[in-house]
Every structure is written in structure tokens, then in C-alpha cells.
Amino acid sequence: MSDITVQLKNGDEKSFPAGLTLQEIAKAIHPKLGKEALVAKWNGNLTDLNYKPETDGKLEFITFEDPEGQEVYRHSSAHIMAQAVQKLFPGTVLAIGPAIDNGFYYDFDCEKTFTPEDLEAIEQEIKRIIKEDHPFERSELSREEALDFFRKIGEHYKVELIENLPEDAVISMYQQGDFVDLCAGPHVPSTGKIKAVKLMSLAGAYWRGDEKNKMLQRIYGTSFPKQKELEEYLFKLEEAKKRDHRKIGTQLNLYSIEEEGPGFPFFHPKGMILRNELEAYWREEHRRAGYLEIKTPIILNRSLWERSGHWDHYHENMYFTTIDDQEFAIKPMNCPGAMLVYKSQQHSYRDFPLRLAEMGLVHRHEKSGVLHGLMRVRAFTQDDAHLFMLPEQITAEIKNVINLVDRCYRLFGFQYHVELSTKPEKAMGSDEIWEQATDALAQAMKELGMEYRINEGDGAFYGPKLDFHLEDSLGRTWQCGTIQLDFQMPEKFDLTYIGEDGQRHRPVMIHRVVFGSIERFIGILTEHFAGAFPTWLAPVQVRLLPIADRHVEYCDSLKEKWEQEGIRVEVDDRNEKIGYKIRQGQLEKIPYLLVVGDKEVENKSVSVRKRREGDIGTMEASAFAEEIKSEISSRK
RNA sequence: GCCCACAUAGCUCAGUAGGUAGAGUGCCGCCUUGGUAAGGCGGAGGUCACCGGUUCAAUCCCGGUUGUGGGCUCCA
């Protein structure tokens, strides 16, 4: 047999005898590569390592270091888990089992509901299968053969999947041991490649993600090439849980949620400081950006909601009440109220763009299973605004809002990504109008050179939107800011302005929020800073720690003075040692702890201990006050 | 709403093979007045989420309700 020449990732060309598998080539290049390679990219296509190239080509080996390698590794892990489940629970029907970020899952249809003990047994079985080191073997077959095969073994979900594959799709199966699964692949060479596996959790999941379909049992797991990597990952998860805003919210006494009000958070004094500081910052930014502030009622007559379309399109999310035999709704959105404010006066094109902002408290009936601390609640305050403008002002206004959002997120050092959501099934308005609105949003992003993904069919019922997503401590993302273009409300409410020509015209409207909801934003902030808020936000900015009783008086006088100057100060005058007070202050993440003893009283100074740096020495009390005041006002 | 799990002191958690509960921490009091991450002693504090059932007896077993957690669906 003749040789083939392959071009490697680093550009080198090497010749190998034809008939070798990619696995053997990897091993020939370097024994370590032979061990670590999971799959290969042969001429740009992900390929199993037991493939035998017969021509020259480009070759790149993929290891666990590569995102694609992780995906294949976890996907193979999912197959092994499925094999284990079918071994232990014969008759279990398979649905889908993909790799996901940080792991994999597989959905099963099984008479018996799995218990945590079952997970342990499955994990043991997985280990056994790994030890037996079965090769993953690929085979391709025709549509008819595939349908026939999966029908015969009763895998009706697979049959449904095959039926939905495009006409020209290559249909392949993978087999390891006596287990066969419909799968495009590729896979690692054999089950022995998988080293450390852990099944993480059990959950229900609807077939094809549709709640009308049967609920299947989903098992989540993760896997790593080394036990140590698995342990590190689990440790990182534990650490992330310590940042959970629900935990920190309780520890720092920011807020609580009581059984009497599921999804209706109670803000405690310290949480209110966060809210109020955020709102003050928000008002400053919005005043500068040319916004006017309004406040509209929380309860409004049914007729308004019928007119806005909420009665038809949002009914199941709304709360209702009756006043004097008339039906009213508790507002789930602020827009209809803003419409009425707009309509209460005549407008000229000269007023545009007219930017009406509102910190609006809305109530939405969220399903009980979706509530999540402050991130997902049933009552929240949107930092809303409705912008009214001429059609030619649209792009500029959208860009203004994008820049405002960017500025506000940057202040906190947030990473975010943007999604463009398009027309949903349940929508008002024609396709043309939707297309026009969607293009305007895309255009603004393009002009600012910003990246975004498309989220098909996820727009609001009245218009498409740009959503800004932030991450929580576990990497779950939450929509915060959003910009929504709306050609519907102005129509429904017959909004007009007098144009240059003296005639009435229809304005264009944008809904937008920056924080999204104050509640969710505080949740995100808490996890981002792990409770160690920047000084301007910190509920307690300074705590004075007198060493002995005789120093309390001096501390009290500083506290009184500084409070007048707008600093949030406490004195820890408890009968405890200084180390004890410091420990508590540190655990409460107070930015500045000031130790005060005889020296400090005598010199009118304070000994400063900064949250992260620790003891930074003594300074004059007045000098410290000036420094912290400038730190606060600059919001550093 | 659906699936699985969980609910014990303000907080974090033990516990009872069914005989009405315990630690740490926090809180209060006393001693101690101490210089950069936990000083000592004492005390108060719980209808063991709620409602039923089984039982001589239920915090524990069974059923239901509510709430919470992890997912699914849905959403700021």
C-alpha cells in the first residue's frame, strides 16, 4: 500500500502508510498525543479516530483542551450513561442525550421514576462499562434501514427523530458493546477514554421541550479526563454557591422572601440602601441623557388593557381586582399608562424625541416553579422608559439606548451578551412592520459594531427586541436590559403628533429598560461582587471599632459628624475584643473598618483597615472622610 | 403549571429503628477594657412548615396543602 501525506496543525507535512487509523497516526506523531486525542478534524470535518484515511489531507487532533473535544467527550459520556440506564432498567426508551456546557444529559422514558439511589447505581454501572473499554463503532445506513431498526427495538423517539431528518441526511448509528444509538457522532474511540464521571441531578423535561408532550426523566452529569479535574469543577461549583444572592441576601440582611408572599420580596433597610443608590445613579444618568420622569398608577381599568392588547395577549400573566363593580387589572407593564400620559397633551414634532422614564412597579403572575430569589419574582420595579420619535430618529435613539446600557453595565464591570428576538407566534401586526422594526434594531447594532445572536420567535407580542443578558454566579444568564420597538401601541392608542406640515402623524415608540428590574439587577450585583459592594453602594460604608469603652465617645462624635456629611457609618460599641469586631466587619464585607484606640483619640485620627488590603495605617480622621467622600461621589 | 428532592432555634445544621428535641453561630446578662479575622461564664429562644390519617403515643410512618431548591416550559 502506498503512503499518504498529511498536513498537520503546525504546518508540517508527514507521511504515513495508508491503512493506519487516525488514532495510530496520533500515536506515531507523539505518544502523548495518542493518549490525549479524542477525535480529529480530517480536512476540516470532525472524525472518529478509528477512521482510516486513504488520501492526502489536512489533519488536526482534538483533545479535551478544545471546546469541540469537551463536547465529544461529554456526548460519549451521555451514550455510556444511556447504556447503563438501559442495562439497569430494561425497557427504558431513549430520547435525546447531548453535551451541554460543563457536562451532558440524557432524557429517558421509563416506567419507574429514578431515585437518587438509582443514580448511584447507574454511576457504578457507568464505571463498569468504562472499565470494559468497549470501542465506539460507527455504521451508516439508509433511512428505511434505520427506521426499521429503531422501530423493531421500540425506540419510537428515535424513529420520530429520523422521520424529521432532512431527505439527504446521512444517518449513522454508534454502537458500544451491546448498546446502539442513533447518532451523528463523532465519538471518542472507546468507553475507556472516559475517566471521571459524576451524575449531578435528576429533572423532568418535556419531549422536544413542549409542555404538551410527555414529561421524560432527564439525568444530568459531567465528565473529565482526570479525577482531579472533576473535583476541581465540583469545588468551583461549591464556591459559586457561596456567591448566591439568596444566601448573601440573608447573611447581609438585604432582603427576604416570606411564605406569605411567594415571589414578592421584602426589602430590608440594607437592601433599600442598594435600591436607593441604584435609583439615584439611574436618575442622574437619565437626566443627562435627556429623559423626563413620570409615575403611572398600578391599578387601571380593564378597558385600557383591552385597548393595549394585554387583555388578549397577556391575560394569564395578569392579576385582577374589582372596584365599584368595575374590573381593573394590576399593571404587568408600564406602557399603557405611559400611552395615557402621552395622550393627555398634544405633541409637536419639535418635542421629539420625547423620552418618558418611569420606575414602574409591575406585577406578573409567574408560574410557581419558575420563581428564583430576586432573579425571577412576581412583583418588580422596571427602570422603564418610553421614547416617542419620528421614523428617521429611530436608529439614533436605539444607539443612544445601547450606549446608555453599555455605560451602566460597564460601571459595575459586567460582561454581557445581546440577543435580537424576532416575531413570536402570538403577535400583533403585519410581517412587513415586524421586518422593518427588526431591521432597525439590527442596523443600530451593526452601526455600533456590536455582536449579537438571533433569538428566533422570542419577541414581545407588540414588537421585536434587543435583550441584554447578564450572568449569575453559576453562569446562568438572565435578561436585564431590553430595547423594544413598537409600532402597535401608537396605533392602538391613536397617538399623534403635529408634523412640520401641520398635519397629524403617527409617532414611533421604543420601550426600553437598562437594569431590567431593580430586583433582578440587585441579584446580579450581589453575585457579581459576592456581597462586597463598591463603597458607593455598600449599605454600611464605614464601621468604627473602639478598642475600649473610653474610645466610644470619640467614635460616636465621628459617626455623628460623618453622617451629616452623607457617609453611612456605624460604631461597634459592643464589649468585645478588637479582633472579634474586625472579623465580624470583614464577614459583613464593610469597605472600611476604622480601629480607634488611645493614639487615635489623642491625634484625632483613625487606623484604617480596607476590605481587601487589610491594615493600611493611620490617617487623620478628616483626611479619611475627604477620601471616602470622593470615592463615593466618583462611584469607584 | 410539570418532574424530582427538601422543610427541625434568627442563621447553618445534627437527631429520634415512633416515647413531644440538640450543637455551632447570632441575641441578652455578667466578668474581662483587650491594637488588626472568634476571651470566659451564664441565660433566653423551637406547636420540629401546615392539615388530616395510622398508632396507646407522630418531629419521625402514610396522604394532602403550602413554601423552597434543581431542572422543563415560560419570562425582566
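Computed from a predicted model, the values in this text were never measured in an experiment.

### Side note on the protein's contact with RNA strand B
The local shell around RNA strand B holds 59 residues, among which Gln479, Ile547, Asn575, Arg583 and Ser607 are the closest. For RNA strand B, the backbone makes up 49% of the atoms found within 4 Å of the protein, where backbone means sugar plus phosphate. At 3.2 Å, a backbone N or O of leucine 202 approaches a base nitrogen of RNA strand B. Note that a base nitrogen of RNA strand B is positioned 2.6 Å from one of the side-chain N or O atoms of glutamate 600. When residues of the surface near RNA strand B are traced back to their parent elements, those giving at least two are strand S12 (196-206), strand S13 (215-224), strand S25 (477-486), helix H18 (578-587), helix H19 (598-603) and strand S32 (605-610). A per-class count over the surface near RNA strand B returns 20 nonpolar, 16 polar and 23 charged.

### Some details on the pattern of salt bridges
Applying the stated criterion across every chain, the model contains 50 salt bridges. With a closest N to O distance of 3.1 Å, glutamate 563 and lysine 559 form a salt bridge. Of this pair, glutamate 563 and lysine 559 are both found in helix H17 (residues 552-564), 4 residues apart, which corresponds to roughly one turn of the helix. On the accessibility criterion, glutamate 563 (38% relative accessible area) is partly exposed. Owing to a relative accessible area of 26%, lysine 559 belongs among the partly exposed residues under this scheme. Among the ionic contacts, a cluster of salt bridges with common partners joins Glu284, Glu285, Arg288, Arg407 and Arg635.

### Quick look at a nonpolar patch on the surface
A cluster of nonpolar residues, Ile298, Ile299, Ile323 and Leu361, forms a patch on the protein surface that exposes about 270 Å² of accessible area. Examined against the element boundaries, isoleucine 299 turns out to sit in strand S17 (residues 299-301). Classification of isoleucine 299 as partly exposed rests on a relative accessible area of 36%.

### Topic: helix H14 (residues 431-447)
Under the 1.5 Å per step criterion, the end-to-end length of H14 is 24 Å for 17 residues, consistent within 8% with the ideal 24 Å. For H14, the complete set of buried residues consists of Trp434, Ala437, Thr438, Ala440, Leu441, Ala442, Ala444 and Met445. Close packing links the buried residues of H14 with helix H13 (394-412), strand S22 (416-421), strand S24 (465-471) and S25. A positive phi of about 65° marks glycine 449, the residue just after H14.

### What to know about the packing of helix H5 (residues 143-152) against helix H6 (residues 156-163)
Contact geometry for H5 and H6: axes closest at 8 Å, N-to-C directions at 160°. In this view, H5 runs roughly antiparallel relative to H6, as classed from their interaxial angle. Where H5 crosses over H6, the handedness of that crossing is left-handed. Where H5 abuts H6, its residues Arg143, Ala146, Leu147, Phe150 and Arg151 lie against Lys158, Val159, Ile162 and Glu163. Across the contact of H5 with H6, the residue classes tally to 5 nonpolar, no polar and 4 charged.

### A word on the environment of methionine 445
You can see methionine 445 is positioned in helix H14. With 43 residues separating them in the primary sequence, methionine 445 and isoleucine 402 have C-alpha atoms 8.2 Å apart. Once you skip the residues sitting within four places of it in the chain, methionine 445 turns out to touch Ile402, Val418, Met450, Glu451, Tyr452 and Leu466.

### Some remarks on the nonpolar core
The biggest cluster of nonpolar side chains holds 77 residues, and the ones touching the most others in it are Trp562 and Val606. A per-element tally of this core places H13 first, with 9 residues. When residues of this core are sorted by domain, at least three fall in each of domain 3 (255-528) and domain 4 (542-634). The residues contacting valine 606, other than those within four sequence positions of it, are Leu544, Leu558, Trp562, Leu594, Val595, Val596, Glu600, Gly617, Thr618, Met619, Ala621 and Phe624. Met81, Ile129, Cys183 and Ile219 belong to the second largest nonpolar core, which has 37 residues in total.

### Comments concerning the domain arrangement of chain A
The domain boundaries assigned to chain A delineate domain 1 (3-62), domain 2 (69-232), domain 3 (255-528) and domain 4 (542-634). Distance from the C-alpha centre of domain 3 to the C-alpha centre of domain 4: 42 Å.

### So, the packing of aromatic side chains
The description of an aromatic ring pair rests on the distance of the ring centres and on the angle between the ring planes. As enumerated under the stated definition, the model contains 30 aromatic pairs in all. When the centroid spacing of 5.1 Å and the interplanar angle of 65° are considered together, the rings of tryptophan 311 and phenylalanine 320 count as edge-to-face. Taking relative accessible area as the criterion, tryptophan 311 reaches 12% and is therefore assigned buried. Over the aromatic face of phenylalanine 267 sits the side chain of arginine 275, whose NZ or CZ is 4.7 Å from the ring centroid. The side chain of arginine 635 reaches across the aromatic face of tryptophan 536, ending 5.0 Å from its centre.

### Here's the deal with the pairing of S24
With 6 of 7 residues buried, S24 is to be regarded as a mostly interior element. Judged from the 6 bridges that link them, S22 and S24 form a sheet pairing that is antiparallel. Across the sheet, the residue bridging to glutamate 419 is aspartate 467, located in S24. Between S24 and S25, which pair antiparallel in sequence order, lie 5 residues; one of them, glycine 475, sits at a positive phi of approximately 85°.

### Remarks on the environment of phenylalanine 61
By the element assignment, phenylalanine 61 lies in strand S5 (residues 57-62). Relative accessible area serves as the criterion here: at 10%, phenylalanine 61 is assigned to the buried category. Discounting chain neighbours no more than four positions away, the residues touching phenylalanine 61 are Leu22, Ile25, Ala26, Ile29, Leu33, Ala37, Val39, Ala40, Leu49 and Asp66.

### Some words on the side chain of aspartate 406
When you line up the elements, aspartate 406 lands in helix H13. A residue is classified by how much of its surface remains accessible, and aspartate 406, at 17% relative accessible area, is buried. Polar contacts involving the side chain of aspartate 406 include one to the side chain of tyrosine 416, which spans 2.5 Å.

Basis of the calculations
- Residues numbered from 1 in each chain as written.
- Chains lettered and ligands numbered in written order.
- Predicted model: local features only at pLDDT ≥ 70, side-chain atom pairs only at ≥ 80, totals over all residues.
- Heavy atoms only, no water.
- Near = heavy atom within 4 Å.
- Polar contact = N/O pair within 3.5 Å; in protein donor to acceptor, adjacent residues only side chain to side chain.
- Helix = DSSP H or I, 4+ residues; strand = E, 2+ residues; numbered from the N terminus.
- Nonpolar A, V, L, I, M, F, W, Y, C, P; charged D, E, K, R; others polar.
- Salt bridge = Lys/Arg side-chain N within 4 Å of Asp/Glu carboxyl O.
- Buried < 20%, exposed > 50% of the residue type's maximum accessible area, 1.4 Å probe, protein only.
- Patch = residues over 30% accessible without salt bridge, like charges linked within 9 Å, V, L, I, M, F, W, Y side chains within 5 Å.
- Areas by Shrake-Rupley, 256 points an atom, 1.4 Å probe, with all protein chains shown as cover.
- Expected span 1.5 Å × (residues − 1).
- Contact = heavy atoms within 4.5 Å.
- Axes fitted to C-alpha atoms, helices over the stretch in contact; angles between N-to-C directions.
- Parallel < 35°, antiparallel > 145°, perpendicular 65-115°, else oblique.
- Left-handed = near helix turned anticlockwise from the far one by under 90°.
- Core = buried A, V, L, I, M, F, W, Y, C linked by side-chain atoms within 4.5 Å.
- Domains from an automatic or database assignment.
- Phe/Tyr/Trp six-rings, centres within 6.5 Å; stacked < 30°, edge-to-face > 60°.
- Lys NZ or Arg CZ within 6 Å of the ring centre and 35° of its normal.
- Pairing = 2+ DSSP bridges.

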